[in-house]
Amino acid sequence: MPTAPAVVRTPSSLRLALKRLRARRATIALVPTMGALHEGHLALLRQAKRRASRIVVSIFVNPTQFAPHEDFGSYPRTWKADLAKLADAKVDLVWHPDVRTMYPQDFATRILTEGPATAGLEDRFRPHFFGGVTTVVGKLFIQCRPDIALFGQKDYQQLKVVTRMAADLDLGVKIIGIPIVRERDGLAMSSRNIYLSIEQRAVAPTLYRTMKKAAEQLRNGKDLEAVMADAAETIEDAGFSLDYFEARHAETLSPIHSIKDGPVRLLVAAKIGTTRLIDNIGV
Ligand code: PAF
């Protein structure tokens, strides 16, 4: 049986463990997670292993990135299974603070970013989200001081926001985005997929299929507005309530009107029942 990685829960034990890891000029990769680990996370760990000599994974379900009506309370917490996966992946250290450790009673600091965080995508529907993400990820970077940090491209806007923040604050960490891992039928892997009923799960891959088709049509020179309207209709006809389906510049996230304004990324967020799914694809 693989050895379980060391787990630390306090800033002082984290500092000590990192000091040991950093001996002999090790390079450190941080993979920030909220647990409920799936194949998408394991892909991040594999890429981390290729790029750094030591891997630190944080597991912290961050309350400040959830609105009061969202799923903080029911977010899947699968500690034992997560730890077994991290042992298999030969992770060196798990940083697993509790809420009071990350946000002590009088905590009064927030990192707020503009640019990609105000692109009018996730921020339009989850206005509290990026403030919570940048505050916690900024804090994780300061605590762990990694050389690199890896994030999945499924949360595409998040990846751009964190990259901007790390550069703006000179945090000395290189952000690496890793391609989306999909189920066989195309559904992007997500910890929230377990919320889907059998019927909803059967419909869920429509998002990817529709985006894939739209991307292909755009590459073949079809009119952007017509392609996007058609695809939006397909998604809604399948039973989704659409938050957005947009074509954006892949780097700046600004709106584009033709694929000549590209590189282009199609981004979607839609609810099926009460479960909100996001996905994206390059054109
Ligand atoms: O993508 C996530 O799982 C979270 O938003 C992150 C980056 C771990 C911050 O809590």
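These notes cover the structure that comes with them. It should be emphasised that the depicted structure is a prediction, and the values quoted were computed from it without experimental measurement. (Residues numbered from 1 in each chain as written. Predicted model: local features only at pLDDT ≥ 70, side-chain atom pairs only at ≥ 80, totals over all residues. Heavy atoms only, no water.)

Time to look at the pattern of salt bridges. Tallied over the entire structure, the rule returns 12 salt bridges. The salt bridge involving Arg201 is made with Asp185; its shortest N-O contact spans 2.9 Å. Remark: Asp185 occurs in the loop between β6 (174-178) and α8 (198-203) and Arg201 occurs in helix α8; sequence separation between them is 16 residues. Of the residues examined, Asp185 reaches a relative accessible area of 31% and is grouped as partly exposed. Taken together, the salt bridges that share partners define one network made up of Glu122, Asp243 and Arg276. (Salt bridge = Lys/Arg side-chain N within 4 Å of Asp/Glu carboxyl O. Helix = DSSP H or I, 4+ residues; strand = E, 2+ residues; numbered from the N terminus. Buried < 20%, exposed > 50% of the residue type's maximum accessible area, 1.4 Å probe, protein only.)

In this section: the site of the ligand. The immediate surroundings of the ligand are formed by Pro32, Thr33, Met34, Asn62, Gln65, Val133, Val136, Val137, Phe151 and Gln158. Separating an oxygen atom of the ligand from a side-chain N or O atom of Gln65 is a distance of 2.6 Å. One nitrogen or oxygen atom from the side chain of Gln158 is found 2.7 Å from an oxygen atom belonging to the ligand. Protein coverage of the free-state accessible area of the ligand, which is 290 Å², stands at 88%. Going through the elements one at a time, β2 (28-33) and α6 (129-144) are the ones with two or more residues in the shell around the ligand. Per element, the largest residue contribution to the shell around the ligand is three residues, and it comes from α6. (Near = heavy atom within 4 Å. Polar contact = N/O pair within 3.5 Å; in protein donor to acceptor, adjacent residues only side chain to side chain. Areas by Shrake-Rupley, 256 points an atom, 1.4 Å probe, with all protein chains shown as cover.)

Right, let's get into the pairing of strand β9 (residues 275-282). The element β9 is extensively covered by neighbouring structure, given that seven of its eight residues are classed as buried. Hairpin connection from strand β8 (residues 264-272) to β9: two residues lie between these consecutive antiparallel strands, with Gly273 at a positive phi of about 60°. (Pairing = 2+ DSSP bridges.)

Right, let's get into the sheet that holds β8. Whenever strands of a sheet pair, they do so through backbone hydrogen bonds, lying parallel or antiparallel. The three strands lie next to each other as β7-β8-β9, forming an open sheet whose pairing is antiparallel. The sheet is open, and its two edges are formed by β7 (241-249) and β9, each paired on a single side. Pairwise comparison of adjacent strand axes, ignoring direction, gives a mean angle of 10° for this sheet. Pairing analysis gives eight bridges linking β7 to β8, with the strands arranged antiparallel. In the sheet register, Tyr244 faces β8, and the bridge partner there is Ala269. (Axes fitted to C-alpha atoms, helices over the stretch in contact; angles between N-to-C directions.)

So yeah, pure geometry; function would need other evidence.
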